[in-house]
Amino acid sequence: MIVDLNVADYSYDKLIADAKALAIKYDSIIKYVTIGKSHDNRDIILLRLGSGQKHIICCGGVHARETINPVVLLRIVEYYAELYINYKQQKRDLLLKLYGTDQHLKEEYELMLYGACIYELLQTYTILIVPLLNPDGYMIALKGFEAIRDAELRKRCEGMNVPSTEWKFNARGIDINRNFPCELWRSKFEGDHPASENETKTLIRLFHEHKSRGFLDFHSRGKSIYYYRSQMPESYNKKQLVLASRLQKVTNYKLEEPEDEVETGDSGGNTVHYYSEHFWKPALTIETVEDEAEFPMDIKYRLPTFEELRFLIFEFGSMVV
Ligand SMILES: [Zn+2]
């Protein structure tokens, strides 16, 4: 196994090293691509998983302090790739075992069926995964402001008087999830304008470079799913609700109420707003990790989140054909 959910210190460098190792080990099914640069000059990377013509896009690590999803998404890439590669071998082994007795047969058979489904999915789809859109913020949340190498940026961040473990922003102190151009975007300070940030531009570019079928953005604020878009027609929202309800069944996450799409007084400008309004395709915000979780987030949340998301991403892929 390359991605170890038990590693306490999962830094940006570790994430990059693991992502590269995955692309080498599973070179027939995973491609590693650098799609942009953060303001403190870190690579924003994409893993392309699958060989299909249809695309879905998954993104994590938009909010710095929500540190669980980037490593979990990477582990899911590995898990799907393993199942894909192992499927044929497992099938052969299992046929042999059918002639003997094995108490684990049922479990293995179920895993094989799941593997077969993943195999089919990745032949039809390519899942484009950006595990960490905001690498600078992620490093602030994990290591403190010393992680920012550019002295001017570091000073600006420190001047905001927000504890590093609570940091949501990028290295310029901007909330990327309020920076996407859309109907509900509002100016929050003088000189504020949408798509001002490298991270925002990188994801927008990725959206437009691939004709995709759907988009999932992973956050960590209380095991729920945001599906409703007040700026989109009823027909769009009906479809969103059908998808969200299926994903709810898989994960037991709750569905957020339509009126909670944007909090009173807050600006829109989320990744999903942009995607919905520009492509009219399904786009959901998935909030992992229980509501009470404190920052810095305990690594004990990684494994249950992995268990939930490995089914959720598969389910979403199979629904947006
Ligand atoms: Zn978030």
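Note that the structure is predicted; figures quoted are calculated from it, not measured.

Caption draft 1: Representation of the overall build of the protein chain in the model. Within the protein chain one finds 9 helices and 8 strands. C-alpha extents for the protein chain along the principal axes are approximately 75 × 45 × 35 Å. Partitioning the intrachain contacts of the protein chain with sequence separation of at least 6 by distance along the chain shows that 76% fall at a separation of at least 24.

Caption draft 2: Just unusual backbone geometry, in detail. With omega at -5 degrees, the peptide bond leading from Phe 295 into Pro 296 counts as cis. For Pro 296, the location among the structural elements is in the loop between strand S8 (283-287) and helix H9 (302-319). Look at Asn 161: it is not a glycine, yet its phi comes out positive at around 55 degrees. Inspection of the secondary structure puts Asn 161 in the loop between helix H5 (151-158) and helix H6 (198-209).

Caption draft 3: Summary view of the pairing of strand S2 (residues 43-50). Of all the 8 residues making up S2, 6 are buried; the element is thus mostly covered by neighbouring parts of the structure. For strand S1 (residues 30-37) and S2, the ladder comprises 7 bridges, and the chain directions are antiparallel. Across the sheet, residue Lys 31 finds its bridge partner in S2, namely Arg 48. Sheet analysis places S2 next to strand S4 (residues 125-130), joined by 4 bridges and oriented antiparallel. By the bridge assignment, Leu 47 is partnered in S4 with Ile 129.

Caption draft 4: Structural view of the nonpolar core. Residues Leu 47, Leu 49, Cys 58, Val 77, Ile 129 and Leu 284 are the most contacted members of the largest nonpolar core, which totals 88 residues. Not counting residues up to four positions away in its chain, the partners in contact with Leu 47 are Ala 19, Leu 22, Ala 23, Ile 30, Tyr 32, Val 77, Ile 129 and Pro 131.

Caption draft 5: Highlighting the packing of helix H3 (residues 105-124) against H9. Packing of H3 against H9 brings their axes to within 11 Å, and their N-to-C directions diverge by 50 degrees. It follows from the interaxial angle that H3 and H9 lie oblique. Once H3 is placed against H9, the crossing between them reads as left-handed. Contacts from Cys 117, Ile 118 and Leu 121 of H3 reach H9 at Phe 314, Gly 317 and Ser 318. Residue composition of the contact of H3 with H9, by class: 4 nonpolar, 2 polar and no charged.

Caption draft 6: Focus on the sheet that holds strand S5 (residues 212-219). In space, the 8 strands of this open sheet follow the order S1-S2-S4-S3-S5-S8-S6-S7, with mixed pairing throughout. Here the strands that pair on one side only, and so sit at the sheet edges, are S1 and strand S7 (254-255). Running at roughly 85 degrees to S4, H3 makes contact with S2, strand S3 (54-60) and S4 of the sheet.

Caption draft 7: Region of the structure containing the environment of Ser 187. Following the sequence through the fold, Ser 187 ends up in the loop between H5 and H6. Separated by 151 residues in the primary sequence, Ser 187 and Gly 36 have C-alpha atoms spaced 25 Å apart.

Caption draft 8: Inspection of the packing of helix H7 (residues 234-251) against H9 at higher detail. Running from N to C, H7 and H9 cross one another at 150 degrees; their axes reach a closest spacing of 9 Å. Accordingly, the angle class assigned to the pair H7 and H9 is roughly antiparallel. Helix-helix and strand crossings are classified by hand; for H7 and H9 the assignment is right-handed. Contacts between H7 and H9 involve Leu 243, Arg 246, Leu 247, Val 250 and Thr 251 from the former and Glu 308, Phe 311, Leu 312, Glu 315, Phe 316 and Met 319 from the latter. Residue classes in the contact of H7 with H9 are distributed as 7 nonpolar, 1 polar and 3 charged.

Caption draft 9: Layout of the environment of Val 33. Among the secondary structure elements, Val 33 is positioned in strand S1. Once the C-alpha coordinates of Val 33 and Ala 23 are considered, the two residues, 10 residues apart in sequence, prove to be 9.6 Å apart.

Caption draft 10: Examining the environment of Leu 83 more closely. Mapped onto the secondary structure, Leu 83 falls in helix H2 (residues 69-97). Take Leu 83: there are 22 C-beta atoms within 10 Å of it, and that puts it in the buried class. Residues Leu 83 and Arg 48 lie 35 residues apart in sequence; the distance between their C-alpha atoms is 16 Å. If sequence neighbours within four positions are ignored, Leu 83 has contacts with Tyr 114, Gly 115 and Ile 118.

Quick notes on the rules
Just so you know, the residues in each chain are numbered from 1, in the order the chain's sequence is written. Side-chain atom pairs in this predicted model are given and counted only at pLDDT of 80 or more, local residue features only at pLDDT of at least 70, and totals for whole chains, interfaces and linings cover all residues. For helices the rule is a DSSP run of H or I covering at least 4 residues; for strands it is a run of E covering at least 2, with both sets numbered from the N terminus onward. The contact criterion used here is simple: two residues whose C-beta atoms, placed from the backbone, lie within 7 Å are in contact. Note on burial: count the other C-beta atoms lying within 10 Å of the residue's C-beta; 20 or more is buried, 12 or fewer is exposed, in between is partly exposed, and C-beta positions come from the backbone. Strand pairing follows a simple DSSP-based rule, namely that at least 2 bridges must link the two strands. Each nonpolar core reported here comprises buried Ala, Val, Leu, Ile, Met, Phe, Trp, Tyr and Cys residues connected via C-beta atoms within 7 Å. The convention used is that axes are lines fitted to C-alpha atoms, helices contributing only their stretch in contact, and that angles between N-to-C directions extend from 0 to 180 degrees. Each angle receives one of four descriptions, namely roughly parallel if under 35 degrees, roughly antiparallel if over 145, roughly perpendicular if within 65 to 115, and oblique otherwise. By definition, turning the near helix anticlockwise from the far helix through less than a right angle yields a left-handed crossing, and turning it clockwise yields a right-handed one. Gly counts as polar in this scheme, as do all residues outside two lists: the nonpolar Ala, Val, Leu, Ile, Met, Phe, Trp, Tyr, Cys and Pro, and the charged Asp, Glu, Lys and Arg.

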